[in-house]
Amino acid sequence: MRPLDEDETKAVFEKLFKFTGNNLKNIVENPSYEGPDSNPSRYCFRINKNKVYYVSESLVKRATNVARNNLVSLGSCIGKYTHGGSFHLTVQSLSLLAANAKHKVWLKPTSEMAFLYGNHVLKGGLGRITENIAPGDGVVVFSMSDVPLGFGISAKSTQDCRKLDPNGIVVLHQADIGEYLRMEDEL
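What you see is a predicted model, and the numbers here were worked out from it, not measured in a lab.

A. Quick peek at the packing of aromatic side chains. Taken as a whole and judged by the stated rule, the model has six aromatic pairs. Both rings, one in phenylalanine 19 and one in phenylalanine 151, keep their centres 5.3 Å apart while their planes meet at 80°; by these two values the pair is edge-to-face. Of the two residues, phenylalanine 19 is situated in helix α1 (residues 6–20) and phenylalanine 151 in strand β11 (residues 148–154); the sequence distance between them amounts to 132 residues. As far as the burial class goes, phenylalanine 19 and phenylalanine 151 line up, both buried. With a centroid separation of 4.7 Å and an interplanar angle of 10°, the aromatic rings of tyrosine 43 and tyrosine 54 are classed as stacked. In this pair, tyrosine 43 sits in strand β3 (residues 41–48) while tyrosine 54 sits in strand β4 (residues 51–56), placing the two residues eleven residues apart along the sequence.

Here is the structure:
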């Protein structure tokens, strides 16, 4: 497990910024109270093989005793690099994104299952939406009871959603908590 280089850090921060905006500093400066130290340490990003992890520095220090080949996972896996070199967020980053989300969408209970099966969010299933969303912004999808269900990319702006027909796509699906069951071998 090694620290991210400059290009990798830039790709990870650009993707996280798409969903969190200026709240990205809350993720970077978040104090960690893990470990025996009385003083809180920080969280950092580490890469192992092609997966990026969000882990406390005190845990990284203790993991140096484990051989790199024997280390399977450490902290929260937030994303992975593809063979082409692009970075993709995984569903494991949902708790981090939900706590710091800039744009949010709430689904009606009738359309939650469709989203959890991997479908896009339609206008007819939209319960609420935050203001000032532009097409292409990162959006975190919640149930009406504020349970984070997944995330995606907005297809329409907030103003365009009001004029859209009920079968129009509002959010393009990227990841949801149903992936824990559908893709359990890959996670």
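B. Representation of unusual backbone geometry. In this structure, lysine 49 takes a positive phi of about 60° despite not being glycine. In this structure, lysine 49 sits in the loop between β3 and β4. Although it is not a glycine, asparagine 132 adopts a positive phi angle of roughly 65°. Inspection of the secondary structure assignment puts asparagine 132 in the loop between β9 (126–129) and β10 (138–143).

C. Seen up close, α1. Taking 1.5 Å per residue as the helical rise, α1 with its 15 residues ought to reach 21 Å, and the 20 Å between its terminal C-alpha atoms agrees with that figure. Just downstream of α1, glycine 21 is the residue with a positive phi angle, here 65°.

D. Representation of the UniProt feature "domain: PUA" (unreviewed entry) in the protein in the model. Per the UniProt annotation, the sites labelled "domain: PUA" (unreviewed entry) are residues 103–178. Overall, residues 103–178 shows 14% helix and 41% strand. The separation of its end C-alpha atoms is 21 Å.

E. Local environment of a nonpolar patch on the surface. Together, Leu122, Ile169 and Leu172 make up an exposed nonpolar region whose accessible area comes to about 200 Å². Locating leucine 172 in the fold gives a position in strand β12 (residues 169–176). We classify leucine 172 as partly exposed; its relative accessible area is 33%.

F. Expanded view of the pattern of salt bridges. This model, assessed by the stated rule, comprises two salt bridges. Arginine 2 is the partner of glutamate 8 in a salt bridge, and the nearest nitrogen-oxygen pair spans 2.9 Å. In this structure arginine 2 comes out as partly exposed when scored by relative accessible area, which is 32%. Here glutamate 131 and arginine 162 are joined by a salt bridge, their closest N and O atoms 2.9 Å apart.

Scoring rules and cut-offs
- Residues numbered from 1 in each chain as written.
- Predicted model: local features only at pLDDT ≥ 70, side-chain atom pairs only at ≥ 80, totals over all residues.
- Heavy atoms only, no water.
- Phe/Tyr/Trp six-rings, centres within 6.5 Å; stacked < 30°, edge-to-face > 60°.
- Helix = DSSP H or I, 4+ residues; strand = E, 2+ residues; numbered from the N terminus.
- Buried < 20%, exposed > 50% of the residue type's maximum accessible area, 1.4 Å probe, protein only.
- Expected span 1.5 Å × (residues − 1).
- UniProt positions renumbered as here; feature names shortened; annotations may be inferred.
- Patch = residues over 30% accessible without salt bridge, like charges linked within 9 Å, V, L, I, M, F, W, Y side chains within 5 Å.
- Areas by Shrake-Rupley, 256 points an atom, 1.4 Å probe, with all protein chains shown as cover.
- Salt bridge = Lys/Arg side-chain N within 4 Å of Asp/Glu carboxyl O.

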